[in-house]
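Descriptive structure summary
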Amino acid sequence: MKDLGIIHLEVEGTGVLGFDTGLNVQAFAQAKMAQFITQQGYIVTPRGTVEPWKPGGVIEREGTMVIWGPDFDGEGLDKLVCDTTKKETALDAVRFWIKGRLLLENQKSPPFPWPAGTLVAASGDGTILFPPERILRRILEAAGDDAWLAGAASWVHPDLTGGEAAAYAAATMLYRIFCGTGAFQNPDIDVVRQDMREGVFVPVRLLAPGLDKNLARLLDETLAPVKYFSQKGTKRPSLESFAEILGPPGSRESISYIRELAREEQAKLNQELEQFQKKKDLTVKTKRFLVRNTAIITGVLIALVVLVLSVRSILSGRANMPNTRGMNPREVVETYYGAFGTLDHTLMEACVTNKAGKNDIAMISNLFVMSRVRMAYEMNNPVISAQEWLDAGGLPTDQTVVGITGMDLTELDTDPGDGEVSFRVSYTLWLPGASSETPEATEPASGDFKTLPQSVFYRDELRLVLRKDLWLIGEIRRETPADSG
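Reference entry: report on the structure contained in this document. Predicted model only: the values in this text are computed from it and were never measured.

Here we take up the overall build of the chain. Across its full length, the chain carries 17 helices and 18 strands. Here the chain holds 485 residues, and 45% of them are scored as buried. Restricting the contact set of the chain to residue pairs at least 6 apart, pairs at least 24 apart contribute 65%. Summing over all exposed atoms, the chain offers an accessible surface of approximately 24,700 Å²; the carbon and sulfur share of this is 51%.

As C-alpha cells, then:
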C-alpha cells in the first residue's frame, strides 16, 4: 500500500510503517528532521483505549529519508471517505474517527485533524492510527500542492484549531459521504480558504435531498463562517453533536438517514439547486471582483455620477431646483431631516444657507453615490428608510438603512419679526453599520451577508433666517451624542 508518502517496508527483517519525508540525507539533516522521531502518534482502539505510536528510527530508501515505526495495516481515511463504493464502511470509519478524536482531547498534543494520513485498520474493527502531526505535515508538503489541497486544506478551516477544527473536519467528511462531492472543490487553495471563511458552499438539502433535517442542519451550521456564530451569539457545533446524531458504529446505515421524496418535491429541489448555483457563482464573483477593485470602481463611478449630475444641473437650470417657497419654518426643518431617509441631498441643500449642514449633506451625498453603485450591479433599490426598517422588525438586512426616527421638534424663538426663528431638534440618526457584517441566520451557507445599522442620538439647535421670501436654515449647532445604540 502507498498513500501519500506512507509505505510498508522491512527494517532488519521486521515489517514497519514508514513515512517518506521526500528529503535526501543532506536536506534531512539541514531541516533537523531527526527531532521529529520524538513526537508520538496515537492508536485508538474500538474498546476506547489510547495507545502511543512512537517512531523507531530513520532509514534511507531510494534516495530519500523515511521515518519508520511499528507496522499498521490500514487505509487512508480521506481515500475511504471519497470512495463511493465504500459508503457504509466510510460512515462507520468517521464514527470511529469521531470517537477517537474525543478520546484524544485528553492528550497533551493531539495531531491536527486532517483526514489524510489517518489510517483506518484494514481488519474493519475500528482501530485508527493518528500519526504524529509534524511527520504527517512533512509528507503532505513533500507530496506537493495538489496532495496538500486534497488531503488537508479542503477538509479543515484555515483559522480553526482544537475541537472546532475537528468538528469542521467531521462535517466536511460527512458532507462528502452524503452529498457525493466535497463541500469545497475549487482547485485553487486560496479560493478554497476564502470559500471556507465566507461559507460559500451548496446547502446540504440541495445536494442530498431527503437527508435527515437535523443532520443536514448540523452540517450546514458547522461549515458556516465565523460571523454566523458571532451574530447568533452561539458556539460552533461540537464533535459530541456529531457523535449523538450519528450514533455508535454500525447503528444505522447511510440510507436510513434519507427519506424518499415525491417526484414533484425532487423536481422542485433540482430547480432550486440550479438557480442557487447560478446565483452563487454570479454573487461570489461579483462581490470578490468589487472587493479587489473597490477603489478603482468607486473612483470611476463617482467621477461619472458627478459629471452626469453636473451636466443635468446645468441643463435643467436653477428654475427646476427644489426650494422652500411656501414653507413655514417648521416645515423647512421637517423637510431637511426627512431628506436623510431618502438620501435627497439636493432637497437638503435647498433648505440651508451659509454652508449650514455641510457635513450632513456631504455624508448623504456619499451614501447616495454608493447606493447607485449597488443598484447598478444588484438591479434593485438597496436603500430602506430607518422607520420602514424598524416597522418591519429591525432584523439584519443587506439593504442600506439610513434616516431619522423619534424626532422631537421644540420651538425656541417663534417671533419672525426680526427675520429669524429658532428650534431645538432631538432625534435618532441611523446609518449603515461600519464593521458589523453578519451572515444570515437562516441560511448560513448562502454566502449572502447582512448587517445591523448603527444608531446615534443627537440634539441640534437650529437658527432659521428669511432670505428673499424663503425660510432657510442658517446655522446648526449639534451637541455631542447623548446616547448610542
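Before going further, it helps to spend a moment on the pairing of strand β12 (residues 400–413). Where strand β11 (residues 383–385) meets β12, 3 bridges bridge the pair, whose relative direction is parallel. Of the residues in β12, the one forming a bridge with valine 383 is threonine 400. Relative to strand β13 (residues 420–431), β12 runs antiparallel, the two sharing 8 bridges. Each bridged residue has a counterpart across the sheet, and for isoleucine 404 the counterpart in β13 is leucine 429.

A few words now on the nonpolar core. Formed by 81 residues in total, the largest nonpolar core has its most connected members in Trp97, Leu211 and Phe242. If you tally residues by element for this core, the top one is helix α6 (residues 162–179), at 13 residues. Ignoring sequence-local partners within four residues, the contact set of leucine 211 consists of Phe178, Val204, Ala216, Leu219, Tyr257 and Ile258.

With the rule as written, the count across this model stands at 19 salt bridges. A salt bridge links arginine 193 to aspartate 190; the shortest N-O distance between them is 3.9 Å. Note that arginine 193 and aspartate 190 are positioned in helix α7 (residues 189–198) at a spacing of 3 residues, about one turn of the helix. Residue class for arginine 193 comes out partly exposed when judged on its relative accessible area of 28%. Between arginine 477 and glutamate 475 there is a salt bridge, with the nearest N and O atoms lying 3.4 Å from each other. Among the residues examined, glutamate 475 registers a relative accessible area of 27% and is labelled partly exposed. What emerges from the salt-bridge pattern is a single network uniting Glu420, Arg424, Glu461, Arg463, Glu475 and Arg477.

Evaluated as defined, the whole model comprises 14 aromatic pairs. With 5.9 Å between their ring centres and 75° between their planes, tyrosine 336 and phenylalanine 340 make a pair best called edge-to-face. Exposure class is identical for tyrosine 336 and phenylalanine 340. Each is buried. Here tyrosine 337 and phenylalanine 340 contribute two aromatic rings whose centre-to-centre distance is 6.1 Å and whose plane-to-plane angle is 10°, an arrangement assigned as stacked. For the pair shown, tyrosine 337 and phenylalanine 340 are each scored as buried. Through a chain of ring-to-ring contacts, three or more aromatic side chains come together here, namely Tyr336, Tyr337, Phe340, Tyr427 and Tyr458. The ring of phenylalanine 36 is capped by arginine 134, whose NZ or CZ atom sits 5.0 Å from the centre of that ring. Sitting above the plane of the tyrosine 257 ring, arginine 252 keeps its charged end 3.8 Å from the centroid.

Attention now moves to the side chain of threonine 21. Among the secondary structure elements, threonine 21 is positioned in the loop between β3 (14–20) and α1 (25–30). Not counting chain neighbours up to four residues away, the residues in contact with threonine 21 comprise Phe28, Met33, Met65, Ile67, Arg138, Ile139 and Ala142.

This part covers the packing of helix α3 (residues 87–104) against α6. Where α3 contacts α6, the axes come no closer than 10 Å and their chain directions differ by 175°. One finds that α3 runs roughly antiparallel with respect to α6. Between α3 and α6, the contacting residues are Lys87, Ala90, Leu91, Val94, Trp97, Ile98 and Arg101 on the first element and Ala166, Ala169, Ala170, Met173, Leu174, Ile177 and Phe178 on the second. Of the residues contributing to the contact of α3 with α6, the split by class is 12 nonpolar, no polar and 2 charged.

The rules behind each value
Residues numbered from 1 in each chain as written. Predicted model: local features only at pLDDT ≥ 70, side-chain atom pairs only at ≥ 80, totals over all residues. Heavy atoms only, no water. Helix = DSSP H or I, 4+ residues; strand = E, 2+ residues; numbered from the N terminus. Buried < 20%, exposed > 50% of the residue type's maximum accessible area, 1.4 Å probe, protein only. Contact = heavy atoms within 4.5 Å. Areas by Shrake-Rupley, 256 points an atom, 1.4 Å probe, with all protein chains shown as cover. Pairing = 2+ DSSP bridges. Core = buried A, V, L, I, M, F, W, Y, C linked by side-chain atoms within 4.5 Å. Salt bridge = Lys/Arg side-chain N within 4 Å of Asp/Glu carboxyl O. Phe/Tyr/Trp six-rings, centres within 6.5 Å; stacked < 30°, edge-to-face > 60°. Lys NZ or Arg CZ within 6 Å of the ring centre and 35° of its normal. Axes fitted to C-alpha atoms, helices over the stretch in contact; angles between N-to-C directions. Parallel < 35°, antiparallel > 145°, perpendicular 65-115°, else oblique. Nonpolar A, V, L, I, M, F, W, Y, C, P; charged D, E, K, R; others polar.

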